[in-house]
Amino acid sequence: MQVQLDMEGALTARDRVGIQDFVLLDETTETAFLSNLKKRFSKDLIYTYIGTLLVSVNPYKELDIYNKKQMEIYMGVNFFELPPHIYALADSAYQTMLTEFNNHFILISGESGAGKTEASKKILQYYAVSCPSTTLLNTVRDKMLMSNPVLEAFGNAKTLKNDNSSRFGKYMDIQFDSQGDAVGGHILNYLLEKSRVVHQNHGERNFHIFYQLVEGGEDDLLHQMGLERDCQHYNYLTQGECAIVSSINDRNDWKTVKNALQIINIDEINTNHLFGTVASVLHLGNVQFDSDSKGHALLNNNNAELRWVSNLLGVDAHSLQEGLTYRKIEAKNEQVLSPFTTDHAIYARDALAKAIYGQTFTWLVNKINESMENKDNSRKTVIGLLDIYGFEVFYVNSFEQFCINYCNEKLQQLFIQLTLKAEQEEYEAEDIEWEPVQFFNNKIICDLVEDKYRGIITILDEECLRPGDASDLTFLERLEEKMGNHPHFVTHKLADKMTRKTLERGDFRLLHYAGEVTYCVVGFLDKNNDLLYRNIKDLIGQSKNAIVKECFSSTDPDSRRRPETVATQFKSSLLKLTEILMAKEAWYIRCLKSNESKQPGQFDEALIRHQVKYLGLMEHLRVRRAGFAYRRKYEVFLKRYKPLCPATWPHWRGVPADGVEVLVQHLGYMPNEYKMGRTKIFIRHPRTLYATEDAYERCKHELATRLQAKYKGYKAKGEFKKQKEAATKIETCWRGVQARKERDKRAWAVKVIKKFIKGYINRGQLKNTDNSEYLAFVRQNYLNRLKGNLPKTVLDKTTWQTPPAVLAETSEILRMLHYRLMVRKYVRGITPQKKAQLQLKLLTSSIFKGKKESYPQSIAQPFVDTRISEQEINMRVLQTIRNEHIKYGVPVIKYDRNGFKPRPRQLVLTQTAAYVIEEAKIKQRVLYTSLKGISVSNLTDGIIVLHITCEDPKQKGDLLMQCDHLFEFLTKLCLIANKENSVKVVQGSIKIEIQAGKESAVDFSLGQEPMVFKAKNGHLMVVATRARTR
Ligand SMILES: Nc1ncnc2c1ncn2[C@@H]1O[C@H](COP(=O)(O)OP(=O)(O)OP(=O)(O)O)[C@@H](O)[C@H]1O
Ligand SMILES: [Mg+2]
């Protein structure tokens, strides 16, 4: 997994993952450069920046950094905010294009197998995902994506360096409209390596399409084209002796290509013609020559191959044969046929094969362009992708390497111009004084190659066109003549002794900006001429194969003019390319190959050092570093380093630039170490930045603790606030609820009170709606009150709640009921004894109530059965009276009739008589029949007078006595003797009959103390006290 550190953040991790931007390397040595690259490579970090240039090292393994998620991470993010990635570069170019509405190009360079084509595909894929899409746009997008497999089939081949090596230079414009939609595309191709069609080195293959056709082509198709499903059958496919390669699946690729051809709108007829030309090349390769006795070339017996060629190209077989074995020379309006030697014939055949294939390739590019073309001609901005061969240095370097290295020289020149221009523009924009940068300007080498009058290409062309016996060696001589003392040119002849040892006689050496390259001149003239004999050219110009016909039928009226040489064509296409690129903003990707054996995880230091050198990376770095190594917007710089200065921490309230100034002053930056631009700070040396970064790292820990504490505080505060808010909310709600309840209650109360008042006002009326509730309330209220305050005893006549008017009657009824209830209860609770007692008391009441003063006190005193038990009565007396049934006995004081002497006696009542008993003597027997009356006073005394009939002289007189249980005794007596009507309550005095005819009296009066004495008048005087009132 990619280490997810942002650019600034990665400064802290620089020891672990290396530096993400070489500009910040402490020293600009190759060793430091390589060690950083290696550190990163070991962590699968294959991308590193040099400023905005991206260095990419081929990992030779699938990395999980090209998925959609990764793409999304990089979309619209500032270039330096995330770790280096090809997506960051692609996105930056795209965003800048959109905001500044200008054109851009991304130059991808590196040696074969370094990953250029992969990089360009990744960029295309990124745009395919990140750009807005509609059905229409998707079609364009698909065409752009699908142009790749087609061009790779026709333009790529397996080489020793790369199983899918691009054998042409490619520049592709992606056109965007102002919304950023990809609306079209255009491809320019450069210098297809046509020689591969006819010759492959050992271990290499021809272009993929040949194998794909033979291996994957449908039986019908092969039959139709006279092909056999066997690569070994074709001379053009067998020279490298590796037609089948494990890493390549030709059959599958064939299907992909056929599908892709459809998508890029190549119809069936054209597709057939296209494969026809491919097949014709294969047949052509099998055309063999013998030589006749004079050494002239003859077509050997196998005419079948030639017929297939004529068939597929739609040309006359005989003319074709003639074209391959004779040269037509025009002299003085006469045409002479000059026979070829076999070598010549082979040369002509191969030239034809190369021409057909080369032109077909160009045709294909044009077709792709047509299909991707954006018809709408409103203004577009473009991003160009240049996938071009890097510097090539082989053991033997030929014309192709010369062209390629020249191309790289031109691109380096372009880079220097653009970089310096950009740098200068930035300085200007930031108001910083421009300081001239020391670097190697390679214009001198470019001039050496391309100068119109003295350049190598001009001299080469001159040699090619010169009549006479020009050869590669004469070309070398001409070079030596013209370039004699050029500092960047040397040959065996021109070299000093030491250098001469390293050079062959047929070599020349150029001191390129990236290093020296020695070229062998052999083949330069032929390759530059790239001649196709006119008669054969004219012949296939009439081809019935539409593609071939289109490619070779010249519309140029002066078609007889000699075509431009390859080098000149290349030179002018490069100049055109330079012009195209100069008008755009540049982005660079430099691809490095990690090892020769295509193995993952291997970092071949020597190989990479070589590439670093030839890609001019150190030179690039030096240019980038010439002024200021590091620059950042004030905001960004301040944001990161503000903790280092108390004045800027935690917030700088002013303008960021001022903040940065205060900060760097605090950090002690020397005036020559930095410059303050308009929007950015420029720091000259990385070490200044690192010192700052290290200080930041130290301070971060301290800061982290502080931040943590702050954060915790903040969080707690937040939590508290939240809780408080919640509490307030709940409180408010609760209060609301309460208030609403209270309000409802009050409203209800008001209603009730109103009703109550209304009810009260109308209480006197008959029950109606206004007073019914009130009355009910009053009723209930009264009844409730009554319930709690009922009289507890029958005797309690006072306790009774006063009823409201409406209940007056009810109350009375209730009262009655209640009393009845109480009485009933009382009565039910009464025992027979108590009943008897009460009956006695009732009798007592009927006799004495309201008459005798001591009566009320007597009520509470219960009556007993007797006060003298039978045992207390003398036996003798008992025997005498027992038959009469003793009912009651009570001790009394009997007063003598004469002298009123008090004598204690027992008074016993039987069924028939009352007896006065003194011990064993019955002193007096009073028959009830002779008892004529009973008198008592109205006072509190206990005096009783029994009036006895005195007709019988034997009878003593009235019986006068005092009894403590007066009411009990008299009641019993009345009951037994049936004398209740005989009792008299007398006021003042009672007359007594002492004897028959002799009377006295008992007088009663009130006094302080009770007394009984005989008064002077002879009466018995009884003094009673006032009854105690309760
Ligand atoms: N980013 C990458 N991740 C994984 N593998 C890669 C990557 N880039 C390149 N490769 C591997 O390296 C091989 C060669 O890459 P590529 O074809 O892009 O090289 P090139 O620079 O275009 O070479 P040439 O100049 O020969 O065309 C690829 O087929 C692939 O296996
Ligand atoms: Mg490639």
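Residues numbered from 1 in each chain as written. Chains lettered and ligands numbered in written order. Predicted model: local features only at pLDDT ≥ 70, side-chain atom pairs only at ≥ 80, totals over all residues. Heavy atoms only, no water.

Considerations on the overall build of the protein
The number of helices and strands found in the protein is 36 helices and 31 strands. Computed over its C-alpha atoms, the radius of gyration of the protein comes to 72 Å, more than 25% above the 31 Å expected for a compact globule of 1030 residues. By its C-alpha atoms, the protein is 225 × 75 × 65 Å across when sized along the principal axes. When burial is assessed residue by residue, the protein has 50% of its 1030 residues classed as buried. (Helix = DSSP H or I, 4+ residues; strand = E, 2+ residues; numbered from the N terminus. Rg over C-alpha atoms; globule rule 2.2 N^0.38 Å. Buried < 20%, exposed > 50% of the residue type's maximum accessible area, 1.4 Å probe, protein only.)

What to know about the site of ligand 1
Ser112, Lys116, Thr117, Ser165 and Ser166 are the nearest of the 17 residues found near ligand 1. One nitrogen or oxygen atom from the side chain of Tyr66 is found 3.1 Å from a nitrogen atom belonging to ligand 1. Alone, ligand 1 offers 620 Å² of accessible surface; in the complex the protein occludes 86% of this. Sorting the residues of the shell around ligand 1 by element identifies α6 (116–130) and β5 (165–166) as the ones contributing at least two each. Here the shell around ligand 1 gets three residues from one element, more than from any other, and that element is α6. Counted by class, the shell around ligand 1 contains four nonpolar, nine polar and four charged residues. (Near = heavy atom within 4 Å. Polar contact = N/O pair within 3.5 Å; in protein donor to acceptor, adjacent residues only side chain to side chain. Areas by Shrake-Rupley, 256 points an atom, 1.4 Å probe, with all protein chains shown as cover. Nonpolar A, V, L, I, M, F, W, Y, C, P; charged D, E, K, R; others polar.)

Digging into the UniProt feature "binding site: ATP" (unreviewed entry) in the protein
Under the present numbering, the feature "binding site: ATP" (unreviewed entry) in UniProt falls on Gly110, Glu111, Ser112, Gly113, Ala114, Gly115, Lys116 and Thr117. With respect to the secondary-structure elements, Gly110 resides in strand β3 (residues 104–110). For Gly110, the contacting residues outside a window of four places in its chain are Lys116, Ile388, Tyr389, Gly390, Cys591 and Leu615. Tracing the backbone shows Thr117 in helix α6. In this view, Thr117 contacts Glu152, Ser166 and Asp387; residues no more than four positions away in its chain are not counted. Side chain to side chain, Thr117 and Ser166 meet in a polar contact 2.8 Å long. (UniProt positions renumbered as here; feature names shortened; annotations may be inferred. Contact = heavy atoms within 4.5 Å.)

Overview of the coordination of the magnesium ion (ligand 2)
Listed as protein donors to the magnesium ion (ligand 2) are Thr117 (OG1) and Ser166 (OG); their distances from the metal cover 1.8 to 2.0 Å. With Thr117 in helix α6 and Ser166 in strand β5, the pair connects residues that are 49 residues apart, well separated along the chain. A relative accessible area of 13% means that Thr117 is categorised as buried. Among the residues examined, Ser166 registers a relative accessible area of 17% and is labelled buried. (Donors = N, O, S within 2.8 Å, 3.2 Å for Na, K, Ca; no water.)

With respect to the sheet that holds strand β23 (residues 921–927)
The mixed open sheet is built from eight strands, whose spatial order is β23-β22-β21-β20-β26-β25-β24-β27. Strands with a single pairing partner mark the edges of an open sheet, and in this sheet they are β23 and β27 (983–986). Ignoring strand direction, the axes of neighbouring strands in this sheet form an average angle of 35°. Of the strands in this sheet, β20 (886–895), β21 (902–910), β24 (931–937), β25 (943–948), β26 (959–962) and β27 touch helix α36 (residues 966–977), which is tilted by about 35° from β21. (Pairing = 2+ DSSP bridges. Axes fitted to C-alpha atoms, helices over the stretch in contact; angles between N-to-C directions.)

Quick look at the sheet that holds strand β18 (residues 674–676)
Strand pairs in the sheet, formed through backbone hydrogen bonds, run parallel or antiparallel to each other. Taking strand neighbours across the sheet as the criterion, the three strands line up as β17-β19-β18 in an open arrangement whose pairing is antiparallel. Here the strands that pair on one side only, and so sit at the sheet edges, are β17 (630–633) and β18. Taking each pair of neighbouring strands and ignoring which way they run, the sheet shows an average axis angle of 15°. Pairing between β18 and strand β19 (residues 680–683): three bridges, direction antiparallel. Looking across to β19, one finds that Lys675 is bridged to Phe682.

A closer look at a positive patch on the surface
A contiguous patch of positive charge, built from Lys497, Arg500, Lys501 and Arg505, is present on the exposed surface. Within the fold, Arg505 resides in the loop between α21 (497–500) and β14 (507–512). (Patch = residues over 30% accessible without salt bridge, like charges linked within 9 Å, V, L, I, M, F, W, Y side chains within 5 Å. Salt bridge = Lys/Arg side-chain N within 4 Å of Asp/Glu carboxyl O. Lys, Arg positive; Asp, Glu negative; His and termini not counted. Charge placed at Lys NZ, Arg CZ, Asp CG, Glu CD.)

Details of the packing of aromatic side chains
One pass over the structure, following the stated rule, counts 38 aromatic pairs. Consider the rings of Phe154 and Tyr357, whose centres lie 6.4 Å apart with planes at 25°: the pair is stacked. One end of the pair, Phe154, is in helix α7 (residues 135–155); the other, Tyr357, is in helix α16 (residues 342–372), with 203 residues separating them in the sequence. Just as Phe154 is buried, Tyr357 falls in that class too. (Phe/Tyr/Trp six-rings, centres within 6.5 Å; stacked < 30°, edge-to-face > 60°.)

Examining the packing of helix α5 (residues 86–100) against α6
At a closest axis distance of 10 Å, the pairing of α5 and α6 adopts a crossing angle of 55°. The pairing of α5 with α6 is recorded here as oblique in orientation. The handedness of the crossing between α5 and α6 comes out as right-handed. Of the residues in α6, those touching α5 at Ile86, Tyr87, Ala90, Asp91, Ala93 and Tyr94 are Ala119, Lys122, Ile123, Tyr126 and Tyr127. A class-by-class count of the residues in the contact of α5 with α6 yields nine nonpolar, no polar and two charged. (Parallel < 35°, antiparallel > 145°, perpendicular 65-115°, else oblique. Left-handed = near helix turned anticlockwise from the far one by under 90°.)

Regarding the pairing of strand β15 (residues 515–520)
Alignment of β14 against β15, held across six bridges, turns out to be antiparallel. Looking at the pairing, Leu510 lines up with Val517 of β15. A loop of two residues connects β14 with β15, the two strands running antiparallel in sequence.

Section: helix α20 (residues 472–483)
An ideal rise of 1.5 Å per residue puts 16 Å on 12 residues; α20 measures up with 16 Å between its terminal C-alpha atoms. Considered for burial, the residues of α20 that qualify are Asp472, Thr474, Phe475, Leu476, Leu479, Glu480 and Met483. On its buried face, α20 is in contact with α18 (443–450), α19 (456–465), β13 (489–491), β14 and α22 (524–529). (Expected span 1.5 Å × (residues − 1).)

A word on a negative patch on the surface
Residues Glu100, Glu425, Glu428 and Glu585 make up a contiguous surface patch of negative charge. Along the chain, Glu428 turns up in helix α17 (residues 399–429). Given the relative accessible area of 55%, Glu428 is considered exposed.

Considerations on unusual backbone geometry
In this chain, Trp649 is followed by Pro650 through a cis amide linkage whose omega measures 0°. The topology assignment puts Pro650 in the loop between α28 (634–641) and α29 (656–667). For Phe101, which is not glycine, the phi dihedral falls at a positive 50°. Judged by relative accessible area, Phe101 falls into the partly exposed class, the value being 29%. Positive phi, normally seen in glycine, also occurs at Asp530, with a value near 45°. Given a relative accessible area of 29%, Asp530 falls into the partly exposed group.

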